[in-house]
Amino acid sequence: MKKGEIFDGMVERLDFPNKGMVQTGEETVMVKYVLPGQKIRAAVGKRRKGKQEGRLLEVLEKSPLETVKNPCRHFGVCGGCVYQTISYEEQLKIKENMVKKLIQEFCPESVFEGIVASPLSSYYRNKMEYSFGDEVKDGPLMLGMHKRGSFHDIVTVEDCRIADHDFRTILLKVLNLCREEGLPFYRKMKHTGYLRHLLVRKAWKTGEILVALVTSGQWESSGAEAVFFERLVCNIKRLPLQGTLAGILHMKNDSLSDVVKSDKTTLLYGRDFFYEELLGLRFTITPFSFFQTNSSGAEVLYQRVREYLGETKGRLVYDLYSGTGTIAQIVAPVAGKVIGVEIIEEAVAAARENASLNGLSNCQFLAGDVLTVLDSIEEKPDLIILDPPREGIHPKALPKILAYGVETIVYISCKPTSLARDLKEFSSAGYKVRRACCVDMFPGTANVETVCLLSKTN
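In this report, the structure presented in the accompanying data block is examined.

The rules behind the values
- Residues numbered from 1 in each chain as written.
- Predicted model: local features only at pLDDT ≥ 70, side-chain atom pairs only at ≥ 80, totals over all residues.
- Heavy atoms only, no water.
- Helix = DSSP H or I, 4+ residues; strand = E, 2+ residues; numbered from the N terminus.
- Contact = heavy atoms within 4.5 Å.
- Areas by Shrake-Rupley, 256 points an atom, 1.4 Å probe, with all protein chains shown as cover.
- Lys, Arg positive; Asp, Glu negative; His and termini not counted.
- Charge placed at Lys NZ, Arg CZ, Asp CG, Glu CD.
- Pairing = 2+ DSSP bridges.
- Axes fitted to C-alpha atoms, helices over the stretch in contact; angles between N-to-C directions.
- Parallel < 35°, antiparallel > 145°, perpendicular 65-115°, else oblique.
- Left-handed = near helix turned anticlockwise from the far one by under 90°.
- Nonpolar A, V, L, I, M, F, W, Y, C, P; charged D, E, K, R; others polar.
- Buried < 20%, exposed > 50% of the residue type's maximum accessible area, 1.4 Å probe, protein only.
- Salt bridge = Lys/Arg side-chain N within 4 Å of Asp/Glu carboxyl O.
- Phe/Tyr/Trp six-rings, centres within 6.5 Å; stacked < 30°, edge-to-face > 60°.
- Lys NZ or Arg CZ within 6 Å of the ring centre and 35° of its normal.

**Side note on the overall build of the protein**
Line of reasoning, step 1. Summing up its helical and strand segments, the protein has nine helices and 22 strands in all.
Line of reasoning, step 2. Dimensions of the protein, computed from C-alpha atoms along their principal axes, come out at roughly 70 × 65 × 35 Å.
Line of reasoning, step 3. In the protein, the share of contacts with a sequence separation of at least 24, taken over all contacts with a separation of at least 6, comes to 64%.
Line of reasoning, step 4. Element-wise, carbon and sulfur atoms account for 49% of the exposed surface of the protein, whose accessible area totals about 20500 Å².
Line of reasoning, step 5. Here the protein contributes 61 positive and 57 negative side-chain charges, whose respective centroids are spaced 3 Å apart.

Below is the structure:
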């Protein structure tokens with residue numbers, strides 16, 4: 001098929017993550033943002049790694065699975081969700097089948113335990129990073145999520161169905177204040193403008209909220225800027241929020257990359273952290289602390305990890321890629337000792353503080369890359385927990401982990417394709433998957449967590 005050629009076809013299945021497979025003649029074309037059973041019109045795109053890609057132009061006929069009558073009104077425009085028009089039960093089936101297909105070579109159906117639902121299927125996100133911009137070129141100021149497939153266009157998502165209710169209240173107030181002030185948004189290509197991002201985080205158990213407005217340093221008058229932030233704080237404090245405002249911050253970011261970060265942080269109100277509680281433990285969360293975006297789902301995930309890990313009394317557990325040490329501290333009360341390794345120093349500092357907060361003296365957290373830190377630890381593990389980033393375990397770190405030869409490893413993955421790749425290496429080293437399941441942490445989207453219990457064979 002030639003690039004740009006228009007074709008119609010039926011979506012036969014989905015492969016992770018949300019890649020619709022459409023048969024047209026003798027060719028199978030991969031098209032994103034579709035659902036099984038839809039009849040679509042698409043344009044032929046690039047061929048990558050021997051596979052033909054296509055671009056969705058129009059849905060000609062809905063899928064029989066699309067039974068939800070009142071989806072989010074931003075669905076199809078916002079780049080966030082892909083499953084708003086189908087029931088949550090069907091979403092779970094799709095995710096379960098995609099993961100099962102990916103890991104079936106190493107995970108027999110007899111040990112695959114299916115998918116565990118999130119306790120909350122809507123309004124579950126405890127963190128949102130909103131972007132400033134316009135929806136159309138030179139249009140009014142917008143604050144929200146990127147349009148599907150767009151690097152520039154922004155949709156103000158006041159009807160978002162996955163973010164906490166308080167987030168939308170804060171989003172609209174901040175947007176209206178910035179419009180009234182006539183503030184320009186930061187243009188990524190020109191590197192000019194002021195408004196960049198709005199970061200909002202909220203604890204599920206305590207209800208505490210942290211708000212951070214991220215701007216460039218391109219406000220000419222510091223006096224006028226100070227007046228604006230006084231007004232911002234006053235207005236946010238008066239909002240009818242369901243939660244409690246813990247703090248408001250101003251972050252300056254003059255980096256060229258379009259990421260939420262801070263070169264300088266000013267505390268405008270309250271404190272620069274909030275408290276969250278999971279499974280009886282208390283955690284301090286800062287603006288950039290890694291923490292699962294679905295707190296209710298995180299409890300389900302960590303309970304399953306603890307169950308898979310089995311007997312830990314008196315044993316030394318490695319928690320590799322430990323983040324802020326959440327899993328390590330959940331395991332620590334029933335373990336001899338836990339050593340966590342994490343490359344982000346801020347996360348390690350938070351982990352140490354949280355361990356102290358929870359009265360856990362048998363946790364040790366080390367800052368650095370797993371690849372190098374493992375060489376400096378003299379104590380050898382009895383059990384290993386792995387929770388790597390989306391790209392999986394570094395190829396050079398994997399042999400070091402396998403060399404310990406521990407009997408039990410629990411692998412937590414947020415990207416099943418990376419998990420499938422790493423399972424091949426574990427299998428070659430004599431490990432077998434004894435139990436596996438999915439835990440849905442991201443309803444409405446194509447993402448899912450997978451947990452595998454690996455045991456060393458004789």
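**Considering the sheet that holds strand β10 (residues 195-202)**
Line of reasoning, step 1. Across the sheet, which stays open at both edges, the seven strands sit in the order β9-β8-β7-β10-β11-β12-β13 with mixed pairing between neighbours. Of all strands in the sheet, those bounded by a partner on one side alone are β9 (154-155) and β13 (264-270).
Line of reasoning, step 2. Against the sheet, helix α3 (residues 222-237) contacts β11 (208-215), β12 (244-252) and β13, and its axis sits at roughly 160° relative to β12.

**A few points about the packing of helix α1 (residues 88-103) against helix α9 (residues 416-428)**
Line of reasoning, step 1. Contact pair α1 / α9: the axes reach a minimum separation of 9 Å and the direction vectors enclose 20°. As far as their axial angle goes, α9 and α1 are roughly parallel. Here the hand of the crossing between α1 and α9 comes out right-handed. Where α1 approaches α9, its residues V99, L102 and I103 are matched on the opposing element by P416, T417, L419, A420 and L423.
Line of reasoning, step 2. A breakdown of the residues in the contact of α1 with α9 according to their chemical character gives seven nonpolar, one polar and no charged.

**Comments concerning the sheet that holds strand β22 (residues 449-456)**
Line of reasoning, step 1. The mixed open sheet is built from eight strands, whose spatial order is β6-β21-β22-β20-β19-β16-β17-β18. Each of the sheet's edge strands pairs with one partner strand only, and the pair in question is β6 (112-116) and β18 (363-367). The average undirected angle you get between the axes of adjacent strands in this sheet is 15°.
Line of reasoning, step 2. In terms of strand pairing, strand β19 (residues 383-386) meets strand β20 (residues 408-413) through four bridges, oriented parallel. Residue pairing for β20: I385 is matched across the bridge by V410.
Line of reasoning, step 3. Lying over the sheet, α1 contacts β6, β21 (431-439) and β22, oriented at roughly 145° with respect to β6.
Line of reasoning, step 4. Contacting β19, β20, β21 and β22, α9 crosses the sheet at an angle of about 160° to β20.

**Comments concerning the pairing of β22**
Line of reasoning, step 1. With seven of eight residues buried, β22 lies mostly within the body of the structure.
Line of reasoning, step 2. Relative to β22, β20 is paired through six bridges, and the arrangement is antiparallel. Its bridge partner being in β22, I409 is matched across the sheet by L454.

**Some remarks on the pairing of strand β3 (residues 27-32)**
Line of reasoning, step 1. Sheet analysis places strand β2 (residues 19-24) next to β3, joined by six bridges and oriented antiparallel. Bridge assignment links M21 to a residue of β3, and that residue is M30.
Line of reasoning, step 2. Remark: two residues form the turn of the hairpin made by β2 and β3, two consecutive strands paired antiparallel; G25 in that turn has positive phi of roughly 65°.
Line of reasoning, step 3. Here β3 runs beside strand β5 (residues 51-61); their pairing, made up of three bridges, is parallel. If you follow M30 over to β5, its bridge partner there is E53.

**Observations regarding the packing of helix α2 (residues 165-181) against α3**
Line of reasoning, step 1. Contact pair α2 / α3: the axes reach a minimum separation of 10 Å and the direction vectors enclose 150°. Relative to α3, α2 is oriented roughly antiparallel. For the pair α2 and α3, the sense of crossing is right-handed. Here K173, V174, L177, C178, E180 and E181 of α2 come into contact with α3, specifically with F228, R231, L232, N235 and I236.
Line of reasoning, step 2. Broken down by class, the residue content of the contact of α2 with α3 amounts to six nonpolar, one polar and four charged.

**Quick look at the pattern of salt bridges**
Line of reasoning, step 1. Inspection of the entire model under this criterion finds 29 salt bridges.
Line of reasoning, step 2. For the salt bridge of R304 with E113, the shortest nitrogen-to-oxygen distance reads 3.4 Å. Taken together, the residues R304 in helix α4 (residues 295-309) and E113 in strand β6 connect sequence positions 191 residues apart.
Line of reasoning, step 3. Note that E129 and K127 form a salt bridge whose closest N and O atoms lie 3.6 Å from each other.

**Points about the packing of aromatic side chains**
Line of reasoning, step 1. All chains considered together, the criterion is met by eight aromatic pairs.
Line of reasoning, step 2. Measuring from centroid to centroid gives 5.1 Å for F228 and F229, while their planes differ by 65°, and the two rings are edge-to-face. No difference in accessibility class separates F228 from F229, as the two residues are buried.
Line of reasoning, step 3. Members of the aromatic cluster, each reached through a chain of ring pairs, are Y194, W219, F228 and F229.
Line of reasoning, step 4. Just above the ring of Y186 sits the side chain of R196; from NZ or CZ to the centre is 4.0 Å.
Line of reasoning, step 5. Lying over the aromatic face of F273, R271 brings its terminal NZ or CZ to 5.0 Å of the ring centre.

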